[in-house]
Structures are given as C-alpha cells and as structure tokens.
Amino acid sequence: MAITRKQALKRIEGLIGEGSNAGIEAHIGKLTRPGSGPHVRTELNTRIGEIERLAEKIGDKTGAEFLAKIAAWRKKISEIADVNY
C-alpha cells in the first residue's frame, strides 16, 4: 500500500525528532561520547536511510530540502568518525 505525502512528512518529522532527546542531532552528539559509537551509528544510519526513502514521496522541493539535511548530517557523522575512530 502506498503512503501519502502527509503520512510521509509525519513519519519524517518523527524520525528527525527535533527538540527531543531521541532526535538525529541528539544522536550525532552522542557519537562524541566514548564507547557510544556502534549502536548509535547504526540507529543514525537506519533513521537517515528511512528519511531518504520517504523523501521520494514528498515532492521535489521538500524532498530536496531533506536530502540537503541528510548530506549535512552525514558530513557531521563522518567528521566525528574521523576524530573518534
């Protein structure tokens, strides 16, 4: 069954979790803590992959905005990985 644009946006907002402790930015911050790498990295990759998949369903402009956010998140993650691993 296909997902609607509205449902996809709601799901993306939940995955991003802005302002919450479970949000993507909060998880990226957790990568800097010693010993938190592998499971946090897996969670981030899963969330980001799901957002990428859903970005195809929400239109060109909005999808492009989320893809730009994803690129920024991946850059942050790789910079942290270069320092901590």
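Everything below is about the structure printed above this text.
This section reports on the structure supplied with the text. (Residues numbered from 1 in each chain as written. Predicted model: local features only at pLDDT ≥ 70, side-chain atom pairs only at ≥ 80, totals over all residues. Heavy atoms only, no water.)

### Remarks on the side chain of His27
Residue placement: His27 occurs in helix 2 (residues 24–30). A relative accessible area of 9% means that His27 is categorised as buried. Discounting chain neighbours no more than four positions away, the residues touching His27 are Ala22, Val40, Glu43, Leu44 and Arg47. (Helix = DSSP H or I, 4+ residues; strand = E, 2+ residues; numbered from the N terminus. Buried < 20%, exposed > 50% of the residue type's maximum accessible area, 1.4 Å probe, protein only. Contact = heavy atoms within 4.5 Å.)

### Remarks on the environment of Lys30
Relative to the helices and strands, Lys30 is located in helix 2. On a C-alpha basis, the gap between Lys30 and Val40 in space is 7.2 Å, while along the polypeptide they are 10 residues apart.

### Things to note about the nonpolar core
Core analysis: the biggest nonpolar cluster contains 19 residues, and Ile12, Ile24, Ile28, Leu44, Ile51, Phe66 and Trp73 have the highest contact counts within it. With residues near it in sequence (within four places) discarded, Phe66 still touches Leu9, Ile12, Ile16, Ile51 and Ile58. (Core = buried A, V, L, I, M, F, W, Y, C linked by side-chain atoms within 4.5 Å.)

### Digging into the side chain of Thr62
Structurally, Thr62 can be placed in helix 4 (residues 60–84). Exposure remark for Thr62: the relative accessible area of 18% places this residue in the buried category. Within polar-contact distance, the side chain of Thr62 engages the side chain of Arg5 at 3.0 Å. Contact partners of Thr62, with chain neighbours within four places excluded, come to Arg5 and Leu9. (Polar contact = N/O pair within 3.5 Å; in protein donor to acceptor, adjacent residues only side chain to side chain.)

### Quick notes on the pattern of salt bridges
Within the structure shown, the criterion is met by six salt bridges. One salt bridge connects Glu43 with Arg47, and the closest N-O pair in it is separated by 2.7 Å. Highlighted residues: Glu43 and Arg47, both in helix 3 (residues 37–55), separated by four residues, approximately one helical turn. For Glu43, a relative accessible area of 31% puts it in the partly exposed group. For Lys75, the salt bridge identified is with Glu79, shortest N-O distance 3.9 Å. Linking Lys75 with Glu79, this pair stays in helix 4, spanning four residues, or about one helical turn. A relative accessible area of 52% means that Lys75 is categorised as exposed. For Glu79, a relative accessible area of 42% puts it in the partly exposed group. (Salt bridge = Lys/Arg side-chain N within 4 Å of Asp/Glu carboxyl O.)

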